[in-house]
Every structure is written in C-alpha cells, then in structure tokens.
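# Examination of the molecular architecture
Spelled out, the chains give:
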Amino acid sequence: MKSTTVAVDLAKSVFQLAVADASWKVIETHRLTRSQFERWFLNRDVSLVVMESCGSAHHWARHLSGLGIEVKLLPAKYVRAYVKRNKTDAADAAALLEAARASDIAPVRIKSVEQQALQGLHRTRSLWMSTRTSRINALRGFCREFGLAIPQGSRTGVEAMARALADPRSAIPELIRGSMKLLIEEIRLLEQRIAQLEKELATLVKQSPACRELLSVPGIGLLTATAMVAATSGEVGHYRDARHFASWFGLTPKEYSSGSTRRLGRISKRGDRYLRMLLTHGARAVLRSAVVAKQAGRQVDGLKDWALRVQGRTNHNKAACALANKLARICYAVLRNHEPYGTSTRREENKKLNRTAYAVAG
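Residues numbered from 1 in each chain as written. Predicted model: local features only at pLDDT ≥ 70, side-chain atom pairs only at ≥ 80, totals over all residues. Heavy atoms only, no water.

### Quick word on the nonpolar core
Core analysis: the biggest nonpolar cluster contains 44 residues, and Leu214, Met228, Phe245, Phe249, Leu279 and Leu323 have the highest contact counts within it. Of all elements in the fold, only α7 (174-207), α8 (209-214), α9 (222-232), α10 (242-248), α11 (273-295), α12 (302-313) and α13 (316-337) reach the threshold of two or more residues within this core. Broken down by element, this core gets its largest block of residues, 10 residues, from α13. Those residues in contact with Leu214 that lie beyond four places of it in its chain are Ile220, Ala225, Met228, Val229, Cys331, Val334 and Leu335. Within the second largest apolar cluster, 20 residues are counted, among which are Val8, Phe15, Val49 and Ile69. (Core = buried A, V, L, I, M, F, W, Y, C linked by side-chain atoms within 4.5 Å. Buried < 20%, exposed > 50% of the residue type's maximum accessible area, 1.4 Å probe, protein only. Helix = DSSP H or I, 4+ residues; strand = E, 2+ residues; numbered from the N terminus. Contact = heavy atoms within 4.5 Å.)

Here is the structure:
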C-alpha cells in the first residue's frame, strides 16, 4: 500500500490517522492503539507525516524519522483555525492536512533527546523554586499571625524564622512548632537540590561551545544560556534574521492595524514564556548596573548607554523590554557567527588601528 501524507492526531493511548493521496484527498482514516500505531508505518510507503507540536510529538517525530519518513510538526495554535465544525479526533487529523498545505506556517524543529532532557532540568528547577517560595510564604503567614515581623529576603527571612523556632520563649505556639520546623527542613533540602542541579548545568556549560559564547553577552547567565541552547540546539540558521529571532520570544510589539492606521501595543508575549522571563530579568540586571555605574561616574559601554537613553525617554519597564529584545538579537548574532560577544567590534577596532598605523608609517 502506498500513500503520500499521513496526519496524526496524537494522544496517550489512542491515535487518529488521516491518510491522503498526492492531491491531498483523504482516502483512509484509522483509529489505532499505541502498539498498533508503532507497527502501522513498518510496511507502508509514507512520504510525509504531519503532527501537532504537542506532548510526545518530538518523541514520535524522532521515531518516525529513524524509519526514513519525513516528519513535519505544526504549531497547535495555527492548526486550530483549520478545524471545521465540531472538535473531534478525526476533525483534528483532517485539519492537520489542511494546515500542512499552508506555506506560511513554519514547522517546529524536532528536538533531540538531549535538548528535551536539558529542558527537563530547567522545568525541575522551576518546580523546586516554586515549591520553595510557597513554603517560605506559608511560614511568613504563620509568623505574622503570631505577631512576629519577618524581614524581607528569602535567605534572611528563613534564618529569622529558624531562630524564632529555636527560641522556646518566642510567641510561636508549641502545637505548630513541629510542622514549621519540617517546612524549614524542606526549604533547606530544596535549596540543596537546586544548588546540585545548577552545578550540573555549570558542568554542561563547560562542554558546550554555544553556551560559553552566550555567556559573553551582558545579562546572559547560566540559566539563560543553557535554556536557549536547549530551545535552539545552538543553531539559529532557520530564522530569517535577528528581529525574527526576538519575535519568537514574544518581545516585539503586538500590532493591530488596518488601512493607513498602524497601532503598536504592548509586547506580544508569544513563544517561550520561560526564556522571555530569563531575558527580561537579565535586561533588568544590565539596566540596574548601568544606572549604578552612571551614578558613580563610571563609563558605560554602548549597550548600557543605549538602554539608559531609552529609559530616559520612556520608563524603566519599557526600557527593560526593549533591552531584552536587544539581548535576544545579540544572542542570535553570537550563535550565528559562532564567536563571543564583542569579537567583531574588537576586530573592527583593530582594523582601524592598523589603518591608522599604516597611514602614519607611510
């Protein structure tokens, strides 16, 4: 049996298939279990498989690519527009066939096992950080109810609450002391796990040239560098330009225009929310260091000077978003050129010095 394209609506245990011929006409539909789906492609000539970029999609894409089949992953948000009438598994599979014909929908690149494992480390750290924050907030609330004022800062606050629990004369009732001590122990255990995970990421950075190059960019630290490599595999050649790369993080204005009227609003906040958060935090750190350097009378580089000028004519938050956009574009240039930040600038300066020295010698 020969078929041209197969659209697959993925699920945990039930897979809906729509088989289309060369003219994109649906000629067969199948509803398969997981084991049936694994065997279905072994004795069929399939040229293209289309799936939504959702949970387990990258696993199945790697599996089918290993069988020599071309796989295209489409963003689920764009496929939804092609669903006709009611939403069913069969309708979703048919919508995938229609979306695959749209040349303006860029497919999602298939992630490797290493990329997904690295992203899993970041998700684990985020979960631990969220749990740690919730435990600290719970302890603060308990202490406030008993008349204890806890200072700001996570580390300072935990130490103050631990001292209060160790003091038998504090206002904390004996009934809840045991539970609060367990929360303190849980917080410290989470901090140890987070520190160990960050050590693993630091070891990974030493083995990754792309991560080391990204660390040369101001505002890009351990988390941002490894998360960006996990998302892009260190290759950005499939992006049209740096602006397109920045828009992938949702750091460009959202547009609502018609005719000759153009309206640009707040940032679109599309794409990878985690990476956008890291870039924004990095931009805030760079902006803060620029303000401190200016107040101290120290010289600032061109990037920080530009950020300060943007902050002067707008406000801090807009300047931070603009700087995050700029950092994303710098990261694109670093990954594209495979050289640390500032290398090309120093090269141009050396050329100017050489030309000047040659002119003086002549």
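### Side note on the pattern of salt bridges
Evaluation of the coordinates by the stated rule reveals 10 salt bridges. For Asp89, the salt bridge goes to Arg31, with nearest N and O atoms at 3.1 Å. Note that Asp89 is positioned in helix α4 (residues 89-100) and Arg31 in strand β3 (residues 26-33), a separation of 58 residues in sequence. For Asp89, a relative accessible area of 26% gives the class partly exposed. With a relative accessible area of 53%, Arg31 lands in the exposed category. As a salt-bridge pair, Glu255 and Arg262 come within 3.2 Å of each other at their nearest N and O atoms. The exposure class of Arg262 is exposed, given its relative accessible area of 60%. (Salt bridge = Lys/Arg side-chain N within 4 Å of Asp/Glu carboxyl O.)

### Remarks on the packing of α7 against α9
Two elements in contact, α7 and α9, have axes separated by 10 Å at closest approach and are oriented at 65 degrees. In this structure, α7 meets α9 at a crossing whose hand is left-handed. The residues of α9 that touch α7, namely those facing Glu198, Leu201, Ala202 and Val205, are Leu222, Leu223 and Thr226. (Axes fitted to C-alpha atoms, helices over the stretch in contact; angles between N-to-C directions. Left-handed = near helix turned anticlockwise from the far one by under 90°.)

### Things to note about the packing of aromatic side chains
To describe a pair of aromatic rings, you give the distance between the ring centres and the angle between the ring planes. Here the structure, examined in full by the defined rule, presents 11 aromatic pairs. Considering the side-chain rings of Phe15 and Phe37, the 4.5 Å spacing of their centres and the 5 degrees angle between planes classify their relative orientation as stacked. Residue Phe15 is found in strand β2 (residues 14-20), and its partner Phe37 is found in helix α1 (residues 34-40); the two are separated by 22 residues along the sequence. For the pair shown, Phe15 and Phe37 are each scored as buried. Aromatic pair Phe37 and Trp60: ring centres 5.0 Å apart, planes at 85 degrees, arrangement edge-to-face. Of this pair, Phe37 sits in helix α1 while Trp60 sits in helix α2 (residues 57-66), placing them 23 residues apart in sequence. We note that Phe37, like Trp60, is buried. Linked through ring pairs, Phe15, Phe37, Trp40, Phe41 and Trp60 together constitute an aromatic cluster. Over the face of the ring belonging to Tyr274 we find Arg123, whose NZ or CZ atom lies 5.3 Å from the ring centre. (Phe/Tyr/Trp six-rings, centres within 6.5 Å; stacked < 30°, edge-to-face > 60°. Lys NZ or Arg CZ within 6 Å of the ring centre and 35° of its normal.)

### Re empty space enclosed by the protein
Going through the model one piece at a time under the given rule, you end up with 1 cavity of 30 Å³ or more. Approximately 40 Å³ is the volume attributed to the largest cavity. In terms of lining residues, the largest cavity is bounded by Gln119, His122, Arg123, Ala227, Ala230, Ala231, Asp272, Tyr274 and Leu275. Mapped by element, the contributors of at least two residues to the lining of the largest cavity are α5 (113-145), α9 and α11. Residues belonging to the lining of the largest cavity are distributed by class as follows: 5 nonpolar, 2 polar and 2 charged. (1 Å grid on protein atoms, 1.4 Å probe; cavity = no way out; pocket = protein on both sides within 12 Å on 5 of 7 lines; lining within 4 Å. Points joined across faces, edges and corners; volume = space filled by probe spheres on them. Nonpolar A, V, L, I, M, F, W, Y, C, P; charged D, E, K, R; others polar.)

### A closer look at the environment of Cys211
With respect to the helices, strands and loops of the structure, Cys211 is situated in helix α8. The exposure class of Cys211 is buried, given its relative accessible area of 1%. Separated by 64 residues in the primary sequence, Cys211 and Leu275 place their C-alpha atoms 14 Å from one another. Not counting chain neighbours up to four residues away, the residues in contact with Cys211 comprise Val205, Ala225, Thr226 and Val229.

### Concerning the side chain of Glu52
As for its placement among the helices and strands, Glu52 is situated in strand β4 (residues 45-52). We note that Glu52 is buried and unpaired, the nearest opposite charge coming from Lys87 at a distance of 7.2 Å. Not counting the four nearest positions on each side in its chain, Glu52 is found in contact with Val8, Leu10, Ala57, Leu73, Leu74, Ala76, Val79 and Leu96. (Lys, Arg positive; Asp, Glu negative; His and termini not counted.)

### Observations concerning α12
End to end, α12 covers 17 Å across 12 residues, agreeing with the expected 16 Å (1.5 Å per residue, within 8%). Within the span of α12, buried status applies to Leu303, Ala307, Leu308 and Val310. Down the axis, α12 shows its buried residues gathered within 160 degrees of arc, on one side only. Of the residues in α12, the exposed ones pointing more than 90 degrees away from the buried face are Gly302, Gly312 and Arg313. Packed against the buried residues of α12 are α11 and α13. (Expected span 1.5 Å × (residues − 1). Arc of directions from axis to C-beta.)

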